[in-house]
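What follows is each chain in one-letter form.
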Amino acid sequence: MHQILNMNFELSEEHLMIQQAARDFARTELLPGVIERDNEQRFPAEQIKKLGELGFLGMMVDPKWGGSGMDSVSYVLAMEEISKVDASASVVMSVNNSLVCWGLETYGSEEQKEKFLKPLASGQIHGGFCLSEPEAGSDATSQRTTAVDMGDHYLVNGTKNWITNGKSGSTFLVMAQTDVEKGHRGINCLIVTSDMEGFTVGKKEDKLGIRGSDTHSLMFQDMKVPKANRIGEDGFGFKFAMKVLSGGRIGIASQALGIASGAYELALQYSKERKAFGTEIMNHQAIQFKLADMATRIEAARLFCLKAAWLKDNDEEYLEAASMAKLFASETAMWVTVEAVQIHGGYGYVKEYHVERLMRDAKITQIYEGTSEIQRVVIARSLLKD
Ligand code: CAA
C-alpha cells in the first residue's frame, strides 16, 4: 500500500479555477431542467456540447491531440462539481475522459490519435466503451462478441449491453474475441464508428437513475473493422480494458463523491430552513449526528479520490487506490443519499426536491465500471499478491 509522505492538501490556483469553472457550469447550465430531463429520460445534448467547448471532455489529453492537458486531480475536482448537480451529464464526461480518451492516448497509434482521439478530446463528438455483454458483466473475460481475422480487417459479430452514450456517441472501443483457444489473451480492442455497416443501436434502457444518459445495447452484424483500428498488439484487448478501467474507476469514484456531496449540501441547507418542534431541525441532535457522519464519510471519500488521482499523475501504481476510492465513494454515495432523503422527510420522497434523484443516481456507482464486489476482488488480490 502506498504511503504519501509529502502531504500537501492545498489546491493550486489552477485547481481552484477549474473547480470553480465546473461549479459555475453545473449551476448555470445543468441545474435548470435537470429534474425534467430525468423524468423524460432526455439526453443533455446541448449541455454536453458546452462541456466539450469548455474542454471538459478531454481534460487529461495533451493539447496536441485536442485535449486540455490537465491532470487527474483537476478531473476529480471537476467530476465532483458536475456530479453534485447532474450525474447523467457526468457519466458522459467520465466515460469519454477516462475510458475512451485516456485509452486512445495511452495505447493508440499516432494515426489512431489523429483520426479518432482529436475529435473526441476536443468535444466535437463523444464515445463509448463496449466490454459488457448479456452474459459478460463482472465476468468480463467471457466475451461472446467475435472479431474474426480476415487479413486486412476483422469481421465483428455480437451484442454489447448497457453501453453509456450508446446512441449519442459515435466512436466506440469494442472488446471482441478473436481466438477462443487463447481465452482472454485472444481478445482484441477495436475502434468502431457508428457509421460502419452492420452497426445497429439497440433498445434504450429505462433506468432507475442517471436517466438523462443514453444507455443502449449495440448490435454488430458482419461489421468490417479495418485492422488499423485495433489497439495494440494482437490479443492485447483484455489487458487494455483492465488498464483503462483502473483509471475509469477514479472517474466513477469522483462521480459518487459528487452525488454524495450534492445530497449533503441540500440536506444541510434544508435542515437550516425546516422547523420542527419549535426550532430549525439542525438544532436537533438526531439531525446533527447524521450531518456529522455524512460530512465525515464524504471527506474520506474525497481524500481517497484525490490520492488515487495524485498517484496516477505521479506515475505511481494506482490500481488498488482507484478500487478503494471507487468502493468507498460509491458506498458513501448510497448511504449519504438515503440519509439526505431521511432528513428531508416527506419532501425528500418527491421529485421536486433533488435528493430522491440523487439517491436513485447513487445506486449505479456501486454497479458500473466494476461492482463493489469486483472492487473488493481487485483490492484483495493486490493485498495478497506480495
Ligand atoms: N491491468 C493489467 N492486466 C490486468 C489487470 C490490470 N488491472 N487486471 C487483470 N489483468 C490481466 C491479468 O494479469 C490476466 O492476464 P495474464 O493471464 O496474462 O496474467 C488477465 O488480465 C485476466 O485476469 P484475471 O485472471 O485476474 O481475470 P479474472 O476473470 O479472474 O478477473 C476481473 C478479472 C478483475 C474480475 C475483471 O473481469 C473485472 O474487472 N471485471 C469487472 C468488469 C468491469 O469493470 N466492467 C465495467 C464495464 S465498463 C462500464 O461500466 C462503463 C460505463 O458505461 C460506465
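Relevant structure appears above.
Scoring rules and cut-offs
- Residues numbered from 1 in each chain as written.
- Predicted model: local features only at pLDDT ≥ 70, side-chain atom pairs only at ≥ 80, totals over all residues.
- Heavy atoms only, no water.
- Core = buried A, V, L, I, M, F, W, Y, C linked by side-chain atoms within 4.5 Å.
- Buried < 20%, exposed > 50% of the residue type's maximum accessible area, 1.4 Å probe, protein only.
- Helix = DSSP H or I, 4+ residues; strand = E, 2+ residues; numbered from the N terminus.
- Contact = heavy atoms within 4.5 Å.
- Phe/Tyr/Trp six-rings, centres within 6.5 Å; stacked < 30°, edge-to-face > 60°.
- Lys NZ or Arg CZ within 6 Å of the ring centre and 35° of its normal.

Colleague: Explain the nonpolar core here, please?
Modeller: The nonpolar side chains of a soluble globular protein tend to be buried with one another. Ranked by size, the top nonpolar core spans 90 residues in total, and within it Phe56, Ile82, Met93, Leu104, Phe129, Leu173 and Phe240 carry the most contacts. If you tally residues by element for this core, the top one is helix 7 (residues 237-273), at 16 residues. Once residues lying within four places of it in the same chain are set aside, the contact partners of Phe240 are Gly103, Tyr107, Phe129, Leu173, Met175, Cys189 and Ile231. Tyr154, Phe172, Met196 and Phe199 belong to the second-largest nonpolar core, a separate cluster that totals 16 residues.

Colleague: Would you mind going over unusual backbone geometry with me for this structure?
Modeller: Leaving glycine out, the prevailing phi sign among residues is negative, and the prevailing peptide bond configuration is trans. A positive phi angle, close to 70°, is found at Asn165, a residue other than glycine. Structurally, the position occupied by Asn165 is in the loop between strand 3 (153-164) and strand 4 (171-177). The backbone of Asp222 shows a phi angle near 45°, a positive value even though the residue is not glycine. As for its position among the elements, Asp222 is in strand 7 (residues 215-226).

Colleague: Can you help me understand the packing of aromatic side chains in this one?
Modeller: Think of a pair of aromatic rings as described by two things: how far the centres are apart, and how the planes are tilted against each other in angle. If you walk through the whole model with that rule in mind, you get 10 aromatic pairs. Taking the centre distance of 5.7 Å and the plane angle of 80° together, the rings of Tyr107 and Phe240 count as edge-to-face. Taken together, the residues span a long stretch of sequence, with Tyr107 in helix 5 (residues 87-107) and Phe240 in helix 7 at a distance of 133 residues. The class for Phe240 is buried, based on a relative accessible area of 0%. Taking 6.4 Å as the distance between ring centres and 85° as the angle between the ring planes, the aromatic pair formed by Tyr270 and Tyr353 counts as edge-to-face. With Tyr270 in helix 7 and Tyr353 in the loop between helix 9 (319-344) and helix 10 (355-365), this residue pair connects regions lying 83 residues apart in the sequence. For Tyr353, a relative accessible area of 28% puts it in the partly exposed group. Members of the aromatic cluster, connected to one another through ring pairs, are Trp102, Tyr107, Phe236 and Phe240. Its guanidinium or amino end placed over the ring of Tyr154, Lys227 lies 5.4 Å from that ring's centre, counting from NZ or CZ.

Keep in mind that these numbers describe shape and distance, not what the molecule does.
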